[in-house]
Amino acid sequence: MKFGGTSVEDAKAMLRTAAIVAGRRNKGLEAIVVVSAMAKVTDQLLAAAAAAGRGDKAGAMAISARLRHRHIDTGTELLDEQRFAALQASVHQEFDALDDLLRGIAAVGELTARTSDLVVSFGERLSSRMVAAAFDQQGLNGTHVDARSCIITDANYGKAAPQEPAIEAKLTELVLPLVEAGKTPVMGGFIGSTVEGITTTLGRGGSDYTAALVGGGLHAGAIEIWTDVNGIMTTDPRIVPDALRVKTISFEEAAELAYFGAKVLHPATILPAVQKSIPVWVLNSRNAENEGTKITAVAPRCKSPFKCIAAKKKLTIIDIVASRMLMSHGYLKSVFDVLDKYKCVVDMVSTSEVSISLTVDSNERLPEIAEELSKIADVKMEGNKALICMVGEDIRGHNGIAGQVFTAVSHVNVRMISQGASEINMSFMIDEEDVEEAVRSLHKNFFASPDENIFDVTARVPAESRA
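Quick caveat, the model's predicted, so the values are computed rather than measured. (Residues numbered from 1 in each chain as written. Predicted model: local features only at pLDDT ≥ 70, side-chain atom pairs only at ≥ 80, totals over all residues. Heavy atoms only, no water.)

Next up on the list: the overall build of the protein. Each helix and strand in the protein was counted, giving 16 helices and 18 strands. Radius of gyration (C-alpha) of the protein: 24 Å, near the 23 Å computed for a compact globule of 467 residues. Referenced to the eigenvectors of the C-alpha coordinate spread, the extents of the protein come out at roughly 70 × 60 × 40 Å. Taking contacts inside the protein between residues at least 6 apart in sequence as the whole, the part at least 24 apart equals 75%. Carbon together with sulfur atoms contributes 50% to the accessible area of the protein, which is approximately 20,900 Å² in total. Charged side chains in the protein number 49 positive and 59 negative. The centres of these two groups are separated by 1 Å. (Helix = DSSP H or I, 4+ residues; strand = E, 2+ residues; numbered from the N terminus. Rg over C-alpha atoms; globule rule 2.2 N^0.38 Å. Contact = heavy atoms within 4.5 Å. Areas by Shrake-Rupley, 256 points an atom, 1.4 Å probe, with all protein chains shown as cover. Lys, Arg positive; Asp, Glu negative; His and termini not counted. Charge placed at Lys NZ, Arg CZ, Asp CG, Glu CD.)

The following block contains the structure:
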């Protein structure tokens, strides 16, 4: 069971989380709990690290002091006197260590990726201790486990790669006995360590990944991702207020959605679950009665060609025209070697006889990438683009589907189109400013008469009518 930052943001949220876990335990289920840092804490720790890195020791220490007070205040509200006394000592100990680290960064005047990982790890280290204490107080036999003792990774600081065989061995050694003894292990997500014990992080959104690694490593019956929405929606409810909850979706569809902008899941979350055929549930800690979304290896057939619409902004199109290297052997390899050098991820590719168009995340290395590519071709870049991704199984089985999609967005300038590499994804590029209008138009066109076996249509019925 993984609980995100909003599910542990304060004492009230932590007690709500304890009640959810108690509900599982009361059904005779054993639970291992993974928690994120309290809401906004990771961002503040990153800000403290950045301040220290530029020599602003006072600014870094001020952020740390505010975080210390927040955690102490939360502990005071959350726990009885005896448990709070024990927690308070460990909280002060952690923040004293953080303060020493920030002073050291400020003194050196340099922030490395390795040191940044250590600073940011304090969020999960603290929240997991507090939640474990709350669980213990609520009769759940909560036991804190330092995730760094189990989640073994390589040394790619900032986005470390898990070493799954080593993780499974550590979980079997350290966590499984606690479960068998009737305890509820609680660990922080997102953080790990190298074989040498140096702290690492799995990248933003990595708490989901931790949950999947733990669930996969211990062959769990299910992995539950508890967040602040009712599951995976047909699209972003902030754009389309009557977006529907998807009751069930396939691993493949969910992974595609996660990669192309859906914020509910970290893209890598799905992989350990897929490998072990473990179902994943996306649930709402603020509405625990809601059924959420079930992600399985094979989802039921859907009458509609699409399950969801995702949008990914802040993309750049790179047009690479190479008439002078027409039919030149190794041309494509040369292009992708440049992208590989700068670790630049490509979302979509379109080719013709003399040109390649590809889309990449907009980042500060683009001028360098363009300069290198210009040695082998003429290069043009267009920023402020967005990718619209339509996801659904067996798109190819619906005749005329492309015509319906582009009729729905006929008033929008479409810059690139991709379909065929995946049977479950139709994607196209548009200007960022047109995203909301395009998504609303597509949603209206394809979800006007939703399949009630796949989508929760009760949200469309006014509350007074349901009553």
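An order of β3-β4-β2-β1-β7-β10-β11-β9 is seen for the eight strands of this open sheet, with the pairing classed as mixed. Either end of the sheet is taken by a strand with one partner, and the two such strands are β3 (142-144) and β9 (248-250). Inspection of the sheet shows strand β1 (residues 2-3) paired to strand β2 (residues 33-35) by two bridges, in the parallel sense. The residue of β2 that forms the bridge with Lys2 is Val34. Set on the sheet, helix α10 (residues 251-259) makes contact with β9, β10 (280-284) and β11 (293-296); between it and β9 the angle comes to about 85°. (Pairing = 2+ DSSP bridges. Axes fitted to C-alpha atoms, helices over the stretch in contact; angles between N-to-C directions.)

Turning next to a nonpolar patch on the surface. A cluster of nonpolar side chains, Leu332, Phe336 and Val349, forms an exposed patch at the surface whose accessible area comes to about 240 Å². Structurally, the position occupied by Phe336 is in helix α12 (residues 331-341). (Patch = residues over 30% accessible without salt bridge, like charges linked within 9 Å, V, L, I, M, F, W, Y side chains within 5 Å. Salt bridge = Lys/Arg side-chain N within 4 Å of Asp/Glu carboxyl O.)

Here six strands make up an open sheet; going across it, the order is β13-β14-β12-β15-β17-β16 and the pairing antiparallel. Looking at which strands have only one partner, the edges of the open sheet turn out to be β13 (346-351) and β16 (416-419). Geometrically, the sheet is characterised by an average inter-axis angle of 25° between neighbouring strands, direction not taken into account. Where strand β12 (residues 308-321) lies against strand β15 (residues 378-391), eleven bridges are found, and the strand directions are antiparallel. Bridge pairing links Ile320 to Val379 in β15.

Further remarks concern the confidence of the model for the protein. Here the protein shows a mean pLDDT of 90. Residues at 70 or above account for 94%. Contacts of residues 461-467 to residues separated by more than four positions or lying in other chains number three contacts, the stretch itself having pLDDT below 50. (pLDDT = per-residue confidence, 0-100.)

Here the focus is the nonpolar core. One finds Ile232, Ile295, Met390 and Leu442 to be the most contacted residues of the largest nonpolar core, which totals 125 residues. Those residues in contact with Leu442, other than ones at most four positions away along the chain, are Ile309, Ile388, Met390, Val405, Ala408, Val409 and Phe428. Formed by 17 residues, the second largest nonpolar core is a distinct cluster that contains Ala322, Leu339, Leu358 and Ile376. (Core = buried A, V, L, I, M, F, W, Y, C linked by side-chain atoms within 4.5 Å. Buried < 20%, exposed > 50% of the residue type's maximum accessible area, 1.4 Å probe, protein only.)

Bringing the packing of helix α1 (residues 11-26) against helix α3 (residues 57-78) into the picture now. Across the interface, α1 lies against α3 with an axial gap of 9 Å and an inter-helix angle of 50°. When the axes of α1 and α3 are compared, the pair comes out oblique. Our pair here, α1 against α3, has a crossing hand that is right-handed. Of α3, the residues touching α1 (which contributes Ala11, Met14 and Leu15) are Thr74, Glu77 and Leu78. Partitioned by chemical class, the residues of the contact of α1 with α3 number four nonpolar, one polar and one charged. (Parallel < 35°, antiparallel > 145°, perpendicular 65-115°, else oblique. Left-handed = near helix turned anticlockwise from the far one by under 90°. Nonpolar A, V, L, I, M, F, W, Y, C, P; charged D, E, K, R; others polar.)

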